[in-house]
Structures are given as structure tokens and as C-alpha cells.
Amino acid sequence: MKFAISLFSAAHAPSSRRALQFARAVLAGGHEIVRLFFYQDGVHSASANVVTPQDEQDVALQWRDFIVEHKLDGVVCIAAALRRGVLDTQEAERYQRPAANLREPWELSGLGQLHDAVQSADRLICFGGP
């Protein structure tokens, strides 16, 4: 089965950890992840500036490592990212900001990428949100 997974909450939220556990279980079960789409506060997981207290799990780093290890498509909603100050080099230059903070391997893109993933997947699973 093919899954698209969308995360709406920041890395420190319990739903982010649950989403990561679910994503791991999907791959362990022999299924496929078409795309991981980080939306609303979920875009903070892609920021290189997230600092996790020493006594907590660094879920943002775990997401990054998971995406790299499995060569997954990790997409960050550009509108949500800009609103929350998560910028790649191109957007930092465009908006004349002093620095980019989008972590590799994420890429900025629009909601069309989520729509595309839904068309390719058998299931869309969402975590977090209002």
C-alpha cells in the first residue's frame, strides 16, 4: 500500500512522534511512503534552528535522519514556512532576510505537492492540526 503522510504539528508535539512511529511502521511493513508533507507548524521540523532540550528526544533530527536514510520525499509547504520564518537560500534572498534555515533534505513547495501525493497514494494520513 502507498501512503502520503502530512504533519501539521511541530516536532516537540506528541503527534509528531506518533507520525514518525507510524512512518517507520509503514516501511517496516513493506509499504511505501509516496511523500511526507510538512504543513502549518509541522514546517518547524525542517528548521536548522530547532534546539531540543537535552532531556528530550530530538524529533526534528529524527525526521531528518529518517528521510535521508530511506531516501524519502520530504516537502515543506512554502506558504506555511514563509509565515513561520523557515526559509531556503532562494527565499531568504528574495525576501532580503539575513539567513536561510531550511535543513537538508527538505524542499519548499506548494500545496500542489500534497495534492499530487494524494493522487499517487492509496491513503493520506494526517497528524496534528487544529
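Heads up: the structure comes first, above all this text.
Residues numbered from 1 in each chain as written. Predicted model: local features only at pLDDT ≥ 70, side-chain atom pairs only at ≥ 80, totals over all residues. Heavy atoms only, no water.

Our focus in this paragraph is the sheet that holds strand S2 (residues 32–38). Taken together, 5 strands build an open sheet; the order of strands is S4-S3-S2-S1-S5 and the sheet is parallel. Either end of the sheet is taken by a strand with one partner, and the two such strands are strand S4 (107–109) and strand S5 (123–127). On average, each strand axis in the sheet is tilted by 30° relative to the strand beside it, whichever way the strands run. Where strand S1 (residues 2–7) and S5 come together, 5 bridges link them in parallel fashion. Pairing of serine 6 across the sheet is with cysteine 126, part of S5. Relative to S1, helix H1 (residues 14–28) is tilted by about 165°, and along the sheet it contacts S1, S2 and S5. (Pairing = 2+ DSSP bridges. Helix = DSSP H or I, 4+ residues; strand = E, 2+ residues; numbered from the N terminus. Axes fitted to C-alpha atoms, helices over the stretch in contact; angles between N-to-C directions. Contact = heavy atoms within 4.5 Å.)

Attention now moves to the nonpolar core. Counting 31 residues, the largest nonpolar core has Ile33, Leu36, Phe38, Trp63, Phe66, Val76 and Trp106 as the members making the most contacts within it. At the level of secondary structure, the elements contributing two or more residues to this core comprise S1, H1, S2, helix H2 (59–70), strand S3 (74–77) and helix H3 (78–83). It is H2 that contributes the most residues to this core, 5 residues altogether. Excluding anything up to four places from it in sequence, leucine 36 contacts Ile5, Trp63, Phe66, Ile67, Leu72, Asp73, Gly74 and Val75. (Core = buried A, V, L, I, M, F, W, Y, C linked by side-chain atoms within 4.5 Å. Buried < 20%, exposed > 50% of the residue type's maximum accessible area, 1.4 Å probe, protein only.)

Cis geometry is found at the peptide bond from glutamate 104 to proline 105, where omega equals 10°. Tracing the sequence through the fold places proline 105 in the loop between helix H4 (89–94) and S4. Backbone geometry at glutamine 40 places phi at a positive 50°, although glycine is not the residue there. As for its position among the elements, glutamine 40 is in the loop between S2 and H2. Judged by its relative accessible area of 25%, glutamine 40 falls in the partly exposed class.

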